[in-house]
Amino acid sequence: MSYSTADSLLPVTLDDVRGAQKMLSGVARVTALEGSRHLSQMVGAPVHLKCENLQRTGSFKLRGAYVRIAGLLPEERAAGVVAASAGNHAQGVALASALLGVRSTVFMPKGAPLPKVSATRDYGAEVRLHGQVVDETLAAAQEYAAETGAVFIHPFDHPDIIAGQGTVGLEILEQCPEARTIVVGIGGGGLAAGIAVSVKALRPDLKIIGVQAEGAAAYPPSLAAGRPVSVGNPATMADGIKVGRPGDVPFGIVGELVDEVRTVSEDELSAALLLCLERAKLVVEPAGASPVAALLSRPGSFEGPVVAVLSGGNVDPVLMQRVLRHGMAAQGRYLAVRLRLTDRPGALATLLGVLSVVDANVLDVSHVRTDPRLGLTEAEVELHLETKGPAHCAEVSQALREAGYTVMG
């Protein structure tokens, strides 16, 4: 692919991104680029993590939101701004508006995590909870804009938003000029498009790989069709990239400049989040961990040095607990089993003794004695165990069977 800053067919240019970088000086942090020895060993080349999870508001979204709002005319600023988001864009718009002295209203789904709702309010926005899904929230925000004259700030489908996000790409080139591949998560496409514009203008040889969750992968069919295509009922734990249709503006840029778009499974997302926490000591949300998931999925398919963009770290503690357990299960480090035993004194202690011999750590025990499915002298036990990997899981199950227990799952 070739690209020059004179290419008038693209709605965002390198000059736009450089202008955004000047605008963001003193506003957005130049986030750290951290090396990962563990991932480097897996990939067979140096791997660096671009830590946008440590950005102000916990994600890259502040960059685009600030550039978009700063570019409004005085009369537009006076009318205020409105946005719709489940979390990251909401916080970015709220803080950007506060810094620029602009009134902001943010519509969020009724089921949005409480920490994200609270943070958005703390940054100064008026939060209105509406709808169960983001599409309903988006419609409400656009209706509010039409009624009040407030300027709607789209999360990804605007050139100023893309230019702001593109400053991540300029920072990567400054911090790792020898990079050969950048891996970045894609939802609507604003971040990937912005990085592509800035990077390809200066390093057309550098490969950019986008990553989507399998359950919300609108870009592969859209790129095949040559136009944005909607996917019905997108479903993934990675709410930051849970977008059913690419944005019109970023789609053209991604199609022109992004080299490849891959998909990752929920198990791979969970494992990536767990790896970031354990190995890199970084709290990353599932969407932010998607580039790491891609590295785990096909580690030998990347030309190094590789930069993986950790786009955000705003993860709800309840979700974090679930995802970590899911990630442990995906790696064979968590085992849930149900079995029946004779209901007599000491039976549970005997069972736990078997588990102790094979060094399985018991996290939780559920003991049911009264159930129509059970015989008069039977009890059912459900055990949640911490294990050391797939081989250890098999060893634990085999030990239980050899001890005479019927393992049901």
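Residues numbered from 1 in each chain as written. Predicted model: local features only at pLDDT ≥ 70, side-chain atom pairs only at ≥ 80, totals over all residues. Heavy atoms only, no water.

A. Focus on the pairing of strand β11 (residues 334–342). Of the strand pairs in this sheet, β11 and strand β13 (residues 378–386) are connected by nine bridges, and their pairing is antiparallel. Bridge pairing in β13 places Arg-338 opposite Glu-382. Where β11 and strand β14 (residues 406–407) come together, two bridges link them in antiparallel fashion. Paired with Arg-340 across the two strands is Thr-406, which belongs to β14. (Pairing = 2+ DSSP bridges. Helix = DSSP H or I, 4+ residues; strand = E, 2+ residues; numbered from the N terminus.)

B. Layout of the nonpolar core. Membership of the largest hydrophobic core comes to 54 residues, with the highest contact counts inside it found for Ile-69, Val-81, Ile-182, Ile-195, Ile-208, Ile-253 and Val-309. Looking at this core, the element that brings in the most residues is helix α10 (residues 190–202), giving seven residues. Not counting the four nearest positions on each side in its chain, Val-309 is found in contact with Lys-50, Val-168, Ile-172, Ile-182, Val-183, Val-184, Leu-191, Ile-195, Gly-288 and Pro-291. Of all hydrophobic cores here, the second largest spans 39 residues; its members include Val-264, Leu-274, Val-284 and Phe-302. (Core = buried A, V, L, I, M, F, W, Y, C linked by side-chain atoms within 4.5 Å. Buried < 20%, exposed > 50% of the residue type's maximum accessible area, 1.4 Å probe, protein only. Contact = heavy atoms within 4.5 Å.)

C. Fine view of the sheet that holds strand β7 (residues 181–185). Taken in spatial order, the six strands of this open sheet run β1-β2-β10-β7-β8-β9, and their pairing is mixed. The outermost strands of the open sheet, each flanked by one partner alone, are β1 (33–35) and β9 (260–264). Strand-to-strand twist in this sheet, taken as the mean axis angle between neighbours without regard to direction, amounts to 25°. When β7 meets strand β10 (residues 306–310), the two strands line up parallel, connected through three bridges. Pairing of Val-183 across the sheet is with Ala-308, part of β10. Seen against the sheet, helix α13 (residues 266–279) touches β8 (207–213), β9 and β10 and runs at an angle of roughly 90° to β9. (Axes fitted to C-alpha atoms, helices over the stretch in contact; angles between N-to-C directions.)

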